[in-house]
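Report on the structure
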Amino acid sequence: MRRVTTGSGRREPPKARRPTSKRPHLYENATQTVFGAGTRSARIMLSGEKPGDQEDLQGRPFVGPAGHLLRKALGELGIEEGSTYLTNAVKHFKFSREGPSKRRIHKAPDLHEMTACRPWLVAELKSVDPDVVVALGATAGKALLGSSFRVGEQRGILLSAPAWDELGHSIDENGTSGREPGGDQGSRSLVCTIHPSAVLRADDRKSAYAGLLSDLGVAVAALP
Ligand code: URA
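Residues numbered from 1 in each chain as written. Predicted model: local features only at pLDDT ≥ 70, side-chain atom pairs only at ≥ 80, totals over all residues.

When you go through the protein residue by residue, the secondary structure sums to eight helices and ten strands. Out of the 224 residues in the protein, the part that is buried amounts to 38%. In the protein, the share of contacts with a sequence separation of at least 24, taken over all contacts with a separation of at least 6, comes to 73%. (Helix = DSSP H or I, 4+ residues; strand = E, 2+ residues; numbered from the N terminus. Buried ≥ 20, exposed ≤ 12 C-beta atoms within 10 Å, placed from the backbone. Contact = placed C-beta atoms within 7 Å.)

The structure is reproduced here in structure tokens:
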């Protein structure tokens, strides 16, 4: 701990500093909360990171460009939109205003925000109880498997999903996973892949899309 020296030469610990600015909660800047949407009896649930600009305005997940790409990929795999449940690890748009036009530029949620939203994700998982969950991108992967999750290492692999009730214990304060991916829940599966917006940003979009399709194919093949 940093110490200060007093006039008497005695060293004393510094006084605790109060935070000078309160960080706004995500809901304070977002237009609305965007919960998941889809079929209550869906056998496949896909979770993204957080609503984007369009989702924030319209109040529904995956209605913007990333959502269009995701629907196209699911359609190619024979998955009808009506048979899915789409949601996000974080339920509010996070952004900063940048440039002269003050455009809303998305920001990745942090661990604190993921943890705050986790009860909603758990509630959705418990209510829909899908056979297969797909984590789209790093944030969803961390929310489901713990913050040591790395999409590059775990994408496209069929894992056992954590028990929904235990999901709350999968991220700890030190950012480590409390359980191994593919742990002990027998009948529910989990597949991780890249986020569809990563395909839209990729230099080689064609091969990024093929990779997404291949990973989603693993999830679809796991459906009973
Ligand atoms: N990106 C996400 O992660 N979720 C959405 O709903 C839209 C874009």
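What follows picks up the thread again.
The next subject is the sheet that holds strand S3 (residues 37-38). Spatially, the six strands line up as an open sheet ordered S3-S5-S4-S8-S10-S9, and their pairing is mixed. On the outer flanks of this sheet lie S3 and strand S9 (159-160), each paired with one strand and no other. (Pairing = 2+ DSSP bridges.)

A few words on the environment of Arg 43. Structurally, Arg 43 can be placed in the loop between S3 and strand S4 (44-48). You can call Arg 43 partly exposed: it has 18 C-beta atoms within 10 Å. The spatial distance from the C-alpha of Arg 43 to the C-alpha of Val 218 is 14 Å, given a sequence separation of 175 residues. Those residues in contact with Arg 43 that lie beyond four places of it in its chain are Ser 83, Pro 130, Asp 131, Val 132 and Leu 223.

Our next topic: unusual backbone geometry. Despite not being glycine, Phe 62 has its phi angle at roughly 55°, a positive value. Structurally, Phe 62 is set in the loop between helix H2 (53-58) and helix H3 (65-76). For Phe 62, a count of 28 C-beta atoms within 10 Å puts it in the buried group. Positive phi outside glycine occurs at Lys 102, with the angle close to 55°. Locating Lys 102 in the fold gives a position in the loop between strand S6 (95-98) and strand S7 (103-106). Accessibility expressed as a C-beta count within 10 Å gives 9 for Lys 102, which makes it exposed.

Taken together, 13 residues surround the ligand, and among them Gly 48, Glu 49, Gly 52, Pro 61 and Ala 66 come closest. Considered class by class, the residues forming the shell around the ligand number four nonpolar, six polar and three charged. (Near = placed C-beta within 6 Å. Nonpolar A, V, L, I, M, F, W, Y, C, P; charged D, E, K, R; others polar.)

Another point: the nonpolar core. Ile 44, Met 45, Val 133, Val 134, Ala 135, Leu 144 and Leu 190 are the most contacted members of the largest nonpolar core, which has 44 residues in total. Listing elements by their share of this core, those giving two or more residues are S4, H3, strand S5 (84-88), helix H4 (111-128), strand S8 (132-136), helix H5 (138-145), strand S10 (189-193) and helix H8 (205-221). Not counting chain neighbours up to four residues away, the residues in contact with Leu 144 comprise Val 133, Ala 135, Pro 162, Leu 167 and Leu 190. (Core = buried A, V, L, I, M, F, W, Y, C linked by C-beta atoms within 7 Å.)

Another aspect to go through is the pairing of S10. Among the five residues in S10, five count as buried, and that is most of the element. What you see with S10 is no split at all: Ser 189, Val 191 and Thr 193 on one side and Leu 190 and Cys 192 on the other are buried throughout. Of the pairings in the sheet, the one linking S8 to S10 comprises five bridges and is parallel in character. In the strand pairing of S10, Leu 136 is matched with Thr 193. The pairing of S9 with S10 spans two bridges and is antiparallel. Note on S10: the bridge partner recorded for Ser 160 is Ser 189.

Moving on: the environment of Phe 93. For Phe 93, the position within the fold is in the loop between S5 and S6. Judged by the 26 C-beta atoms lying within 10 Å of it, Phe 93 falls in the buried class. Residues Phe 93 and Leu 74, 19 residues apart in the sequence, show an inter-C-alpha distance of 24 Å. Other than its neighbours up to four places away in sequence, Phe 93 contacts Ala 30, Lys 50, Pro 51, Gly 52, Asp 53, Glu 55 and Asp 56.

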